[in-house]
Amino acid sequence: MRLRLTRRSDDAFRFPRRNQLPTLALYLGAAALYIGIGLITQDFLFSVVVAIGYLLIVAWLVPAVVRRLR
Amino acid sequence: MSWAAHDLEPYAIQRHSKLKLAFVPVLIGSYAPDLMTKWFVYGINIGPWQLKADNPIQFHRGWPGFGFTHSLTFGLLVGLVIWKVFGSKTWGIGFLVGHWAHALTDTGDTVGTQLLFPWTQHFHVDAWAYAGQVGRELDAAAYFSGLGGMWDAVWIVYGLYSWRVLTREYFDKYIVPADRFWGWAGKRVSQTALLTLYRAAFFYGTTRWIAWTIWAHVLHDYPYDLSWGGPHWVEAGHP
């Protein structure tokens, strides 16, 4: 019987690598904040446009500004 | 109605399709049926006036009304227009696929959809109660207390298991090459912004599922009812 090394599929499940953890943490934090705001004011949860704007600010703009200020 | 399912299905569709599908039109197609209608089901306030459909069920899913937006016919027509009039086969097919996913998913509730409009027969499986007519917060409480919310949960669990479709590597290798939109947008904003945009629907579907579940069952005491057609503590809409 011959063993053949097969390439894992690009999207097969595996746990995040160490260098992916900061990104995961950023999105988990953004999610916690979004959920918190949504529990206080449910209007916040009804619009995908608001959600897109929120995520662009929290996950892109704010980190970009923080990196620039450092 | 379905809630998070419409946000998350496009990721699964794109991942498993044998066709080279562009993600953005699939997502737009998935949102399209409710984009112009759901606000009037619940009612919107413009200054002192409230705009709300007198018969939300008929307005949203019926005829006369905007029920045709949930038909396979409509998805096919708009997809053809996008392809033949605007010249993008990629976007036309993507829109069609996303739209049909929405139309088929919405057959899960007690009102269903007029899939074969202009034949106005409603196709409905009755798995969960349609409750848009009772107002948006009670609708949310009901949806996230019944099998509809569980349907969303299946997509969320599957999506989290397939989290690698949200990575930069997957985005660069599969999503960007499938659609010239990303190249066009990439000339105007950074790659990180594009990646955030790509992830947004997944984020929205998952977080609002969590938020509404906490709202309905922790902050309020709406009971779960996972029986067929439930929750039965809300008056379900029918065609």
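Note that the coordinates shown come from a computational prediction; the quantities given were computed from them, not determined experimentally.

A. Local environment of the overall build of chain A. Tallying secondary structure elements over chain A gives two helices and zero strands in all. Scored against the burial criterion, the 70 residues of chain A give a buried share of 30%. Total accessible area computed for chain A in this model is approximately 5300 Å², and 65% of it derives from carbon and sulfur atoms.

B. Representation of the pattern of salt bridges within the structure. Inspection of every chain in the model, using the stated rule, returns four salt bridges over all chains. As a salt-bridge pair, B:Arg136 and A:Asp43 come within 2.0 Å of each other at their nearest N and O atoms. Of this pair, B:Arg136 sits in helix H7 (residues 136-143) while A:Asp43 sits in the loop between helix H1 (21-40) and helix H2 (48-69), which puts the two residues in different chains. Owing to a relative accessible area of 47%, A:Asp43 belongs among the partly exposed residues under this scheme. The partner of B:Asp7 in a salt bridge is B:Arg208, with the nearest N and O atoms 3.0 Å apart.

C. Spotlight on the interface of chain B and chain A. Across the boundary between the two partners, chain B contributes 33 residues, which contact 29 residues of chain A. Regarding the contact of chain B and chain A, the summed buried area is about 3000 Å², with carbon and sulfur atoms giving 67% of it. When the buried surface of chain B facing chain A is broken down by residue, B:Arg164, B:Phe203 and B:Tyr204 rank first, second and third, together holding 24% of it. Counting across the interface, chain B meets chain A through one salt bridge. The dominant element in the side of chain B that touches chain A, judged by the number of residues it contributes, is helix H11 (residues 191-219) of chain B, at 16 residues. Per-class residue counts for the side of chain B that touches chain A are 20 nonpolar, five polar and eight charged.

D. Molecular detail of H11(B). All names here are of chain B. Its 29 residues give H11 an end-to-end C-alpha distance of 39 Å, which sits within 8% of 42 Å, the value for a rise of 1.5 Å per residue. A bend of about 40° at Arg-199 is the largest found in H11. Taking burial as the measure, the 29 residues of H11 include 22 buried ones, the bulk of the element.

E. Representation of the packing of H1(A) against H11(B). For the pair H1(A) and H11(B), the least separation of the axes is 9 Å and the interaxial angle reads 45°. Overall, the two elements H1(A) and H11(B) adopt an arrangement that is oblique. You can see that H1(A) and H11(B) cross each other, and the crossing is right-handed. Along the contact surface, H1(A) presents A:Thr23, A:Tyr27, A:Ala30, A:Ala31, A:Tyr34, A:Ile35 and A:Leu39, while H11(B) presents B:Thr196, B:Arg199, B:Phe203, B:Tyr204, B:Thr207, B:Arg208, B:Ile210, B:Ala211, B:Ile214, B:Trp215 and B:Leu219. Taken together, the residues of the contact of H1(A) with H11(B) sort by class into 13 nonpolar, three polar and two charged.

F. Molecular detail of empty space enclosed by the protein. Residue and element names in this part refer to chain B. Applying the stated criterion across every chain yields a total of one cavity of 30 Å³ or more. What the largest cavity holds in volume is close to 70 Å³. Those elements that place two or more of their residues in the lining of the largest cavity are helix H1 (4-16) and helix H8 (147-161). Counting residues per element, the lining of the largest cavity draws most heavily on H1, at four residues.

G. Representation of the side chain of B:Lys38 in the model. Residue and element names in this part refer to chain B. Along the polypeptide, Lys-38 turns up in helix H3 (residues 38-42). As a buried residue without a salt bridge, Lys-38 has its nearest oppositely charged side chain in Asp-34, at a separation of 4.4 Å. Discounting chain neighbours no more than four positions away, the residues touching Lys-38 are Met-1, Ser-2 and Trp-3.

H. Local environment of H1(A). For H1(A), which comprises 20 residues, the first-to-last C-alpha distance of 29 Å matches the rise-based estimate of 28 Å (1.5 Å per residue) to within 8%. Three or more residues of H1(A) are buried, namely A:Tyr27, A:Ala30, A:Ala31, A:Tyr34, A:Ile35 and A:Gly38. Down the axis of H1(A), the buried side of the element spans an arc of 135°, and every buried residue falls inside it. Away from the buried face of H1(A) by more than 90 degrees, exposed residues A:Pro22, A:Leu28 and A:Ile40 are located. Contact partners of the buried residues in H1(A): H2 of chain A together with H11 of chain B.

How each quantity is defined
Residues numbered from 1 in each chain as written. Chains lettered and ligands numbered in written order. Predicted model: local features only at pLDDT ≥ 70, side-chain atom pairs only at ≥ 80, totals over all residues. Heavy atoms only, no water. Helix = DSSP H or I, 4+ residues; strand = E, 2+ residues; numbered from the N terminus. Buried < 20%, exposed > 50% of the residue type's maximum accessible area, 1.4 Å probe, protein only. Areas by Shrake-Rupley, 256 points an atom, 1.4 Å probe, with all protein chains shown as cover. Salt bridge = Lys/Arg side-chain N within 4 Å of Asp/Glu carboxyl O. Contact = heavy atoms within 4.5 Å. Buried area = accessible area lost by both parts, 1.4 Å probe. Nonpolar A, V, L, I, M, F, W, Y, C, P; charged D, E, K, R; others polar. Expected span 1.5 Å × (residues − 1). Bend = angle between axes of the 7 residues up to and from the residue. Axes fitted to C-alpha atoms, helices over the stretch in contact; angles between N-to-C directions. Parallel < 35°, antiparallel > 145°, perpendicular 65-115°, else oblique. Left-handed = near helix turned anticlockwise from the far one by under 90°. 1 Å grid on protein atoms, 1.4 Å probe; cavity = no way out; pocket = protein on both sides within 12 Å on 5 of 7 lines; lining within 4 Å. Points joined across faces, edges and corners; volume = space filled by probe spheres on them. Lys, Arg positive; Asp, Glu negative; His and termini not counted. Arc of directions from axis to C-beta.

Remember, this is a structural readout, not a statement about activity or role.
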